[in-house]
Amino acid sequence: MTSWVRFRHQDQIGFGTLSGQNITVHHGDMFDSPRANGKTLALADVELLAPTTPSKIVALWNNFHALAAKLEKPEPPEPLYLLKAPTTAASPNAVVQKPAWYDGKVVYEGELAIVIGKVCRAVSVDEADDFILGYTCVNDITAADILNKDPTFQQWARAKGFDDFCPFGPAIVTGIDPASLTVRTVLNGAERQSYKISDMIFSAQELVSKISHDMTLLPGDIIACGTSLGVGVMKEAVNSITVAIDGVGELTNEFRN
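An unreviewed UniProt entry lists the protein chain under the name Fumarylacetoacetate hydrolase family protein, with Candidatus Afipia apatlaquensis given as the organism.

Printed below as a string of structure tokens:
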């Protein structure tokens, strides 16, 4: 199991593997034979960045049996998803600000994200693991009141597309079985979500396969696997949100209304 991170150190952006409180710095390309360069940095001395710069962020809807049952929605025969703009990507510990003009509700959605490791086009379910670099934590933030503001068109992309509305990280963890994981979301010190990835309607491998038949996935792209029970509004003026997945890490951000 390896944890890959991106960071800023002395105005330079780099990447490497995280072990405890130290980063082994690498050079080259995280997705193509990266090599350790002999340098080590203390985690406390760097600013962690979002671990990739995705060309696209694919976000699932209605991908958990429990949530579909609660919402009384039929389970979909194929993945239902939208695209979040790359400019929604935000770093661990980033402060996310609600747009000044928007006075509606904003909700958190703690999720597991798949990180694509190489060009992926029309792959089978059995091949999918070869194209997955690893997994990370994501908060798929949503301006809920925008979704159905116009009765003629559900505005998924806009509601989820504001700058910084997709913090993810802090690391990409390789060599884990996502089906064994549990996602927890903690809002202002209170646990609001705790659900098992094994309850997904479409597994990580099925998602990669099916989506890759629709569009080419590129190294660094992420697939947010969807959320389950416990989504809620971030009501306070300043909110602390942590998405924690044992074995993957803890993503903490601040959201300000």
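Back to the write-up after that little detour.
Enquirer: Which parts of the structure should I look at to understand the side chain of N63?
Expert: Positionally, N63 belongs in the loop between β6 (57–61) and α1 (65–71). If we ignore the near neighbours within four places in the chain, the residues touching N63 are D199, M200, I201, F202, L207 and C225.

Enquirer: What is the right way to read the domain arrangement of the protein chain from this model?
Expert: Interfaces are often sized by the accessible area lost when the parts come together. Segmentation of the protein chain into domains returns domain 1 (1–49) and domain 2 (52–256). Summed over both sides, the interface of domain 1 with domain 2 buries roughly 1,100 Å², with 63% coming from carbon and sulfur. Interface area lost by domain 1 to domain 2 is led by M1, W4 and F31, which between them contribute 47%. Applying the counting criterion to the domain 1 and domain 2 interface returns zero salt bridges. Counting residues per element, the ones that place at least two in the side of domain 1 that touches domain 2 are β1 (3–9) and β5 (47–49). With four residues, β1 is the single largest residue contributor to the side of domain 1 that touches domain 2. Class assignment for the residues of the side of domain 1 that touches domain 2 results in seven nonpolar, two polar and one charged.

Enquirer: Got a minute to help me understand the state of the cysteines in this structure?
Expert: By definition, a disulfide links the sulfur atoms of two cysteines through a covalent bond. A complete count under the given rule lists zero disulfides for this structure. Between C120, a free cysteine, and C225, which holds the nearest cysteine sulfur, the sulfur-to-sulfur gap is 14 Å. Take C166: it sits in no disulfide, and the sulfur closest to it among the cysteines is that of C137, at 12 Å.

Enquirer: When you look at the sheet that holds strand β15 (residues 182–187) in this model, what are you seeing that I'm missing?
Expert: Sheet strands line up and pair through hydrogen bonds in the backbone, either parallel or antiparallel. Here five strands make up an open sheet; going across it, the order is β9-β20-β19-β15-β16 and the pairing mixed. Each edge of the open sheet is held by one strand with a lone partner, namely β9 (95–97) and β16 (190–196). Pairs of neighbouring strands in the sheet enclose a mean axial angle of 20°, with direction left out of account. Summarising the sheet, β9 and strand β20 (residues 249–256) pair through three bridges and their orientation is parallel. Counted as the bridge partner of V96 is F255 from β20.

Rules used throughout
- Residues numbered from 1 in each chain as written.
- Predicted model: local features only at pLDDT ≥ 70, side-chain atom pairs only at ≥ 80, totals over all residues.
- Heavy atoms only, no water.
- Helix = DSSP H or I, 4+ residues; strand = E, 2+ residues; numbered from the N terminus.
- Contact = heavy atoms within 4.5 Å.
- Domains from an automatic or database assignment.
- Buried area = accessible area lost by both parts, 1.4 Å probe.
- Salt bridge = Lys/Arg side-chain N within 4 Å of Asp/Glu carboxyl O.
- Nonpolar A, V, L, I, M, F, W, Y, C, P; charged D, E, K, R; others polar.
- Disulfide = S-S within 2.5 Å.
- Pairing = 2+ DSSP bridges.
- Axes fitted to C-alpha atoms, helices over the stretch in contact; angles between N-to-C directions.

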